[in-house]
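Examination of the molecular architecture
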Amino acid sequence: MYITRDEDIRYVILLSVIPGKEMSEELIRAHVGHLKELDRQGKLVLCGPFTDYRGGMVIIKAAGYEEAKAVAEADPYVQAGVESYELRTWELSCEGNNHMGMG
């Protein structure tokens, strides 16, 4: 029987631009500052904008769903109401967990 390990969980924050909302350079810099702080804390895994959709994705490590939700809601884009977010719990399939017990 396979048991999910905490170290195999990441949280995916999908950001979507809200139509009609404007982003200023100041807001973009605040968002980047937020990402840099997550990176400094060792929580940021990957991030970046989509090239085919107005929005982006931030993948983080967090102690649990509530912490990940707090990170998403602390994003300046979300706080300013220019982007909404969707939070997903992502379980990694990797050699370390024998591809979720199926490898």
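Keep in mind it's a predicted model, so treat the numbers as computed, not measured.

1. Thoughts on the pattern of salt bridges
- Summed over the entire model, instances satisfying the criterion amount to six salt bridges.
- Among the salt bridges present, the one from R5 reaches E7, with a minimum N-O distance of 3.5 Å.
- We classify E7 as partly exposed; its relative accessible area is 48%.
- A salt bridge links E67 to K43, with the shortest nitrogen-to-oxygen separation between them at 2.8 Å. Here the residue E67 occupies a position in helix α2 (residues 65–74), and K43 occupies one in the loop between α1 (25–40) and β2 (44–49), the gap between them amounting to 24 residues.
- Judged by its relative accessible area of 25%, E67 is partly exposed.
- Classification of K43 as partly exposed rests on a relative accessible area of 22%.
- Within the structure, one salt-bridge network assembled from shared partners comprises R5, E7 and D8.

2. Side note on a nonpolar patch on the surface
- On the surface, F50, Y53 and M57 cluster together to form a nonpolar patch covering roughly 270 Å² of accessible area.
- Looking at the element boundaries, M57 is found in strand β3 (residues 55–60).
- You can call M57 partly exposed: its relative accessible area is 30%.

3. Observations regarding the nonpolar core
- Residues Y11, I13, L38, V58 and I60 are the most contacted members of the largest nonpolar core, which totals 14 residues.
- If you list the elements that add at least two residues to this core, you get β1 (9–17), α1, β3 and α2.
- Among the elements that line this core, the one with the most residues is β1, at four residues.
- Here I13 is in contact with G56, M57, V58, I60, A68, V71, A72, Y85, E86 and L87, once residues within four sequence places are set aside.

4. Considering the pairing of β2
- The sheet contact formed by β2 and β3 spans five bridges and is antiparallel. Note on β3: the bridge partner recorded for P49 is G56.
- Hairpin connection from β2 to β3: five residues lie between these consecutive antiparallel strands.

5. A few points about the UniProt feature "domain: YCII-related" (unreviewed entry) in the protein
- The residues that UniProt annotates with the feature "domain: YCII-related" (unreviewed entry) are residues 10–90.
- The distance from the first to the last C-alpha atom of residues 10–90 is 5 Å, and the span holds 37% helix and 35% strand.

6. Some words on the packing of aromatic side chains
- According to the stated counting rule, one finds one aromatic pair in the structure shown.
- When the centroid spacing of 6.2 Å and the interplanar angle of 70° are considered together, the rings of F50 and Y53 count as edge-to-face.
- Given a relative accessible area of 30%, F50 falls into the partly exposed group.

Reading the values: rules and limits
Residues numbered from 1 in each chain as written. Predicted model: local features only at pLDDT ≥ 70, side-chain atom pairs only at ≥ 80, totals over all residues. Heavy atoms only, no water. Salt bridge = Lys/Arg side-chain N within 4 Å of Asp/Glu carboxyl O. Buried < 20%, exposed > 50% of the residue type's maximum accessible area, 1.4 Å probe, protein only. Helix = DSSP H or I, 4+ residues; strand = E, 2+ residues; numbered from the N terminus. Patch = residues over 30% accessible without salt bridge, like charges linked within 9 Å, V, L, I, M, F, W, Y side chains within 5 Å. Areas by Shrake-Rupley, 256 points an atom, 1.4 Å probe, with all protein chains shown as cover. Core = buried A, V, L, I, M, F, W, Y, C linked by side-chain atoms within 4.5 Å. Contact = heavy atoms within 4.5 Å. Pairing = 2+ DSSP bridges. UniProt positions renumbered as here; feature names shortened; annotations may be inferred. Phe/Tyr/Trp six-rings, centres within 6.5 Å; stacked < 30°, edge-to-face > 60°.

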